[in-house]
Amino acid sequence: MKYSLEQWFLWFVIYSLIGWVYESILCSVAGKKLVNRGFLNGPVCPIYGTGAVVVVFALSSLADKPVLLFLTSAILTTTLEYLTSWLMEKLFHARWWDYSQRFLNIHGRVCLRGFVAFGAMSVLVVRYVHPWIASLTARLSARATHILAAALALLFVADLTLTLITVLGLDKRLRAVREAIQQELEGRLPRLPRLHAFQMKRLSRAFPSLDFTRYHEEWARLRERLRHKPMRMDDENETSKN
């Protein structure tokens, strides 16, 4: 049976939401505080949505072979996680998660625990969860599907754009922090715009292992300020000259 791109996109959003709930619960329990886990602001983890729709698309034919489905999907999703980690590091010069301390890890990007968890979740999705979700989305009329997919796509693009602007712009701000440190002006570290400060504070909580490879010390200093001080629009603040 053929499905429209809009239906696939709706499934992507649904699984991204489920992944966000799963990750947020794990991180909140581990950190003993509520954590909005995810690269984006909204309640979605796109890597889970991508992994789920890829598994459903490529491996649904293995639904009656759970062992083979487990192994194949675990390899596929773990490879996706590794490539995502590598690509995000190349794009943003940052490591967003680090499994170096976990048993049987590969370059700290993936580990055995994730391999097992992703394989098990994929079996559950293909055999039980997706048939139910597909039946729910099938009840939507063509008009409702168009409207819902378009609205969610706009929200997703807006959220992604805002996050990328913040993260890509941080390179310049970390460079300014380095210059301030080199000039022994730590008390005059450049401040972040309020929105950027909010974004980075959220990301630092969502990814405790986040580390910018080119600005390790500068990120540590800035992160400490984000934890303890409000940061406002002050890039060219005259007080830094006094």
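Residues numbered from 1 in each chain as written. Predicted model: local features only at pLDDT ≥ 70, side-chain atom pairs only at ≥ 80, totals over all residues. Heavy atoms only, no water.

Points about helix α3 (residues 66–92)
Selection rule: Elements are defined by DSSP. Helices are runs of H or I of four residues or more, strands are runs of E of two residues or more, and each kind is numbered from the N terminus. Expected span of a helix, by definition, is 1.5 Å for each gap between consecutive residues, and there is one gap fewer than residues. Each residue's exposure class comes from its accessible area (1.4 Å probe, protein chains only) as a fraction of the maximum for that residue type: buried when under 20%, exposed when over 50%, partly exposed otherwise.
A rise of 1.5 Å per residue sets the reference length of α3, with its 27 residues, at 39 Å; its end C-alpha atoms lie 38 Å apart and thus fit the reference within 8%. If you check which residues of α3 are buried, you get L69, S73, A74, T77, T78, E81, T84, S85, M88, E89 and F92. H93 sits one or two positions beyond α3 and adopts a positive phi of about 55 degrees.

Topic: a nonpolar patch on the surface
To be explicit about the condition: Patches here are clusters of residues that have more than 30% relative accessible area and form no salt bridge, with a 9 Å joining cutoff for like charges and a 5 Å cutoff for nonpolar side chains (Val, Leu, Ile, Met, Phe, Trp, Tyr). Areas reported as accessible are Shrake-Rupley estimates using a 1.4 Å probe. Residue values count occlusion only from the protein chains shown. Note on definitions: salt bridges are taken to be side-chain nitrogens of Lys or Arg within 4 Å of carboxyl oxygens of Asp or Glu.
A grouping of L17, V21, I25 and V29 is seen on the molecular surface, where their side chains present a nonpolar patch of about 340 Å² in accessible area. You can see V29 is positioned in helix α1 (residues 5–31). You can call V29 exposed: its relative accessible area is 62%.

Section: the side chain of T78
What counts here: Under the rule applied, a polar contact is a pair of N or O atoms within 3.5 Å (in protein, one hydrogen donor and one hydrogen acceptor; residues adjacent in sequence only if both atoms are side-chain atoms). We call two residues in contact whenever any of their non-hydrogen atoms come within 4.5 Å of each other.
Mapped onto the secondary structure, T78 falls in helix α3. At 2.7 Å, the side chain of T78 forms a polar contact with the backbone oxygen of A74. Leaving out residues up to four positions away in the same chain, T78 has contacts with V110, F115 and F118.

Considering the environment of R178
As for its position among the elements, R178 is in helix α5 (residues 142–182). For the pair R178 and H216, spaced 38 residues apart in sequence, the C-alpha to C-alpha distance is 10.0 Å.

Quick word on the packing of aromatic side chains
Put simply, the rule is: Note on ring pairs: Phe, Tyr and Trp rings are taken, using the six-membered ring of Trp, and paired if centres are within 6.5 Å. Classes follow the plane angle, with under 30 degrees stacked, over 60 edge-to-face and the rest tilted. For a ring to carry a charge above it, either NZ of a lysine or CZ of an arginine must fall within 6 Å of the ring centroid while also lying within 35 degrees of the normal to the ring plane.
Under the criterion given, the structure shown has 14 aromatic pairs. Relative to F156, the ring of F12 lies with its centre 5.7 Å away and its plane at 80 degrees, an arrangement referred to as edge-to-face. Of this pair, F12 sits in helix α1 while F156 sits in helix α5; the two residues are 144 residues apart in sequence, bridging distant segments of the chain. According to the relative accessible area criterion, F156 is partly exposed, its value standing at 22%. When the centroid spacing of 6.5 Å and the interplanar angle of 90 degrees are considered together, the rings of F70 and F115 count as edge-to-face. Of this pair, F70 sits in helix α3 while F115 sits in helix α4 (residues 112–138); the two residues are 45 residues apart in sequence, bridging distant segments of the chain. The ring centre of Y82 lies 5.6 Å from the NZ or CZ of R109, which sits over that ring.

Spatial relationships are all this shows, so hold off on functional conclusions.
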